[in-house]
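Residue strings, one per chain:
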Amino acid sequence: MNTRNFIYSPLCSSAIAGNSSFCSPFTLNMRRCRVKNADFSNSETITTQNPQQLNFRKITPADMPQIWSIMRREKGRTTDFSYGGLLMWVDYFHYEFAVVSDTLFIKGRVESDVSKVAFSLPVGQLPLKEAVELLRRYCRSQNIPLIFSAVPEYALADFEALCPISVEPLTDWADYLYDAQPLATLRGKKMSKKRNHVNQFLAAYPDYSYQPLDPLSAASALAFMDHIDAEGDHTPMAETERRLNREMLRYVEDGDPILLGGVLRDGAGHMLAFTIGDIKGDTLFIHIEKALREVPGGFEMINKSFAEAVCANHPEIRYINREDDAGDEGLRMAKESYHPIELLRKYNIMM
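Computed from a prediction, not measured in an experiment: that's the story for all the values here. (Residues numbered from 1 in each chain as written. Predicted model: local features only at pLDDT ≥ 70, side-chain atom pairs only at ≥ 80, totals over all residues. Heavy atoms only, no water.)

A.B. asks: How do you make sense of the environment of Arg109 when you look at a structure like this?
C.D. replies: Turning to its location among the elements, Arg109 is positioned in strand S5 (residues 103–110). A C-alpha to C-alpha distance of 6.8 Å links Arg109 and His94, two positions 15 residues apart in sequence. (Helix = DSSP H or I, 4+ residues; strand = E, 2+ residues; numbered from the N terminus.)

A.B. asks: Help me understand unusual backbone geometry, please; the structure alone is not making it clear to me.
C.D. replies: Outside of glycine, negative phi angles account for most residues, and trans bonds account for most peptide bonds. Despite not being glycine, Leu186 shows a phi value in the positive range, around 55°. Summarising the element assignment, Leu186 is placed in the loop between helix H5 (180–185) and helix H6 (192–204). For Ala326, which is not a glycine, the phi torsion comes out positive at approximately 50°. Along the polypeptide, Ala326 turns up in the loop between strand S15 (319–321) and helix H10 (329–336).

A.B. asks: What is the right way to look at the packing of aromatic side chains in this model?
C.D. replies: For any pair of aromatic rings, the description rests on two quantities: the centre-to-centre distance and the angle between the ring planes. Throughout the structure, instances matching the rule amount to 13 aromatic pairs. When the centroid spacing of 5.8 Å and the interplanar angle of 45° are considered together, the rings of Phe56 and Phe119 count as tilted. Remark: Phe119 occurs in strand S6 (residues 113–119) and Phe56 occurs in the loop between strand S2 (14–17) and strand S3 (57–58); sequence separation between them is 63 residues. Overall, Phe56 belongs to the buried group, its relative accessible area being 13%. With 5.4 Å between their ring centres and 80° between their planes, Trp89 and Tyr92 make a pair best called edge-to-face. A residue is classified by how much of its surface remains accessible, and Tyr92, at 1% relative accessible area, is buried. Grouping aromatic residues by their ring pairs yields a cluster made of Trp89, Tyr92, Phe93 and Tyr95. The ring centre of Tyr338 lies 4.1 Å from the NZ or CZ of Lys194, which sits over that ring. Directly above the ring of Tyr338 sits Arg322, whose terminal nitrogen or CZ lies 5.4 Å from the centroid. (Phe/Tyr/Trp six-rings, centres within 6.5 Å; stacked < 30°, edge-to-face > 60°. Buried < 20%, exposed > 50% of the residue type's maximum accessible area, 1.4 Å probe, protein only. Lys NZ or Arg CZ within 6 Å of the ring centre and 35° of its normal.)

A.B. asks: Just to check I follow, could you spell out the environment of Ala326 for this structure?
C.D. replies: Its relative accessible area of 27% is what places Ala326 among the partly exposed residues. Sequence separation between Ala326 and Trp173 is 153 residues, and the spatial gap between their C-alpha atoms is 5.4 Å.

A.B. asks: Just to check I follow, could you spell out the packing of helix H7 (residues 215–231) against helix H8 (residues 236–253) for this structure?
C.D. replies: How two helices sit against one another is set out by the angle between their axes and by the gap between those axes. The interhelical angle for the contact between H7 and H8, taken along N-to-C directions, is 165°, at an axis separation of 8 Å. Judged on the interaxial angle alone, H8 and H7 are roughly antiparallel. Regarding H7 and H8, the two cross each other, and that crossing is left-handed. Each of Pro215, Ala218, Ala219, Ala221, Leu222, Met225, Asp226, Ile228 and Asp229 in H7 lies in contact with H8, whose residues at this interface are Arg242, Asn245, Arg246, Leu249, Arg250, Val252 and Glu253. A per-class count over the contact of H7 with H8 returns nine nonpolar, one polar and six charged. (Axes fitted to C-alpha atoms, helices over the stretch in contact; angles between N-to-C directions. Parallel < 35°, antiparallel > 145°, perpendicular 65-115°, else oblique. Left-handed = near helix turned anticlockwise from the far one by under 90°. Contact = heavy atoms within 4.5 Å. Nonpolar A, V, L, I, M, F, W, Y, C, P; charged D, E, K, R; others polar.)

A.B. asks: Could you clarify how one ought to interpret the sheet that holds strand S10 (residues 175–179) in this entry?
C.D. replies: Sheet strands pair by backbone hydrogen bonding; their relative direction is either parallel or antiparallel. The seven strands lie next to each other as S11-S12-S13-S14-S15-S10-S16, forming an open sheet whose pairing is mixed. Two strands lie at the open edges of the sheet, namely strand S11 (209–212) and strand S16 (342–344), each paired on one side alone. The average undirected angle you get between the axes of adjacent strands in this sheet is 30°. The pairing of S10 with S15 spans three bridges and is classified as antiparallel. Bridge pairing in S15 links Asp179 to Tyr319. The strands touched by H8 are strand S13 (271–280) and strand S14 (283–291); relative to S13, the strand with the most contacts, the crossing angle is about 75°. (Pairing = 2+ DSSP bridges.)

A.B. asks: What is the right way to read helix H9 (residues 298–313) from this model?
C.D. replies: Working note: α-helix, 3.6 residues per turn, so residues spaced by three or four point in the same direction. Between its first and last C-alpha atoms H9 spans 23 Å; for 16 residues at 1.5 Å apiece the expected length is 22 Å, and the two agree. Taken residue by residue, H9 has Gly298, Glu300, Met301, Ile302, Asn303, Lys304, Ser305, Phe306, Ala307, Val310 and Cys311 as its buried positions. (Expected span 1.5 Å × (residues − 1).)

A.B. asks: What's the story with H6 in this structure? I'm lost.
C.D. replies: With 13 residues, H6 extends 19 Å from end C-alpha to end C-alpha; this agrees with the ideal 18 Å at 1.5 Å per step. All buried positions along H6 are accounted for by Lys194, Val198 and Phe201. End-on view of H6: buried residues confined to an arc of 55°, all on one side of the axis. Residues of H6 that are exposed and point more than 90 degrees away from the buried face comprise Lys193 and Ala203. Contacts from the buried residues of H6 go to strand S12 (260–265), S13 and H9. (Arc of directions from axis to C-beta.)

A.B. asks: How should the pairing of strand S9 (residues 166–169) be read in this particular structure?
C.D. replies: Residues in a regular strand point their side chains to alternate faces of the sheet. Residues Ser166 and Glu168 point to one face of S9 and Val167 and Pro169 to the other, with burial holding for every one of them. Pairing geometry for S9 and strand S17 (residues 346–350), over four bridges, is antiparallel. Counterpart to Ser166 in the pairing with S17 is Met350.

Right, dumping it as structure tokens:
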């Protein structure tokens, strides 16, 4: 059975055919808020709304300290609950947020169908039953169905206790999770091909340098993106992603305190590759990884260099999340070549 079109209703023991399509790109409204002076040091102080009311508003970078102070408590490792995973896709998924009783509610779109409104798993102090009831009342007032999208697998049992109408696996959107040390060291037989690619890079660029991504190098990376544009695909989704990549670089340029990254340069100082990620708990999330196609081993080298640097500076890191493959066969093969230890599955749930 094709699980992409299979919807399981766990409490009525029936299945119905469903339609799960890829995200359709649309024109983005790139309005950015400066984050240079955002205060993350006292972000535990949360301004909440009337506990009986949900008033959603669009997420801006200036809201991220408040959002992150709650979202970082979420116990899973899917990219949907990472800092950059939310910030990068705000415009694409029309993300809005509300905070009630120290609980974060995110309103957006169904991950597999952006024409439909959906909500993320609520995170915070409210029990799931109470949070769902708040959302039920909100959806009734807006005359929309209550759909949760990209729900982590660990939360399924709690949702099943609330009698969902349907639970649909997002088969193309599972995140690839890796043991951090093999990616940082490339040791072991399984990583021999990756070591070979790194050695090709070292032979071609013996005087290379690696530096952390900072506001100055982020400005250089924005110019570097012109080269990525020239050799990249020109499908609507590919062009959308590159616009979002630029937006993330601008956040780094503005001094965002959470986003991390790294840059590879040749001996003359020319940029060869860059990456952007962030940390939550014991997991490093990789959101962007760009290298010139002409550079042998460029992707493998920036991947290893960044993982190695982050693991050295953050010994608590045990895992690396390299996100999903969105059903793309080439991406699937590339991600599987690093030998993931787990696929972090996600689900759409209609209540």
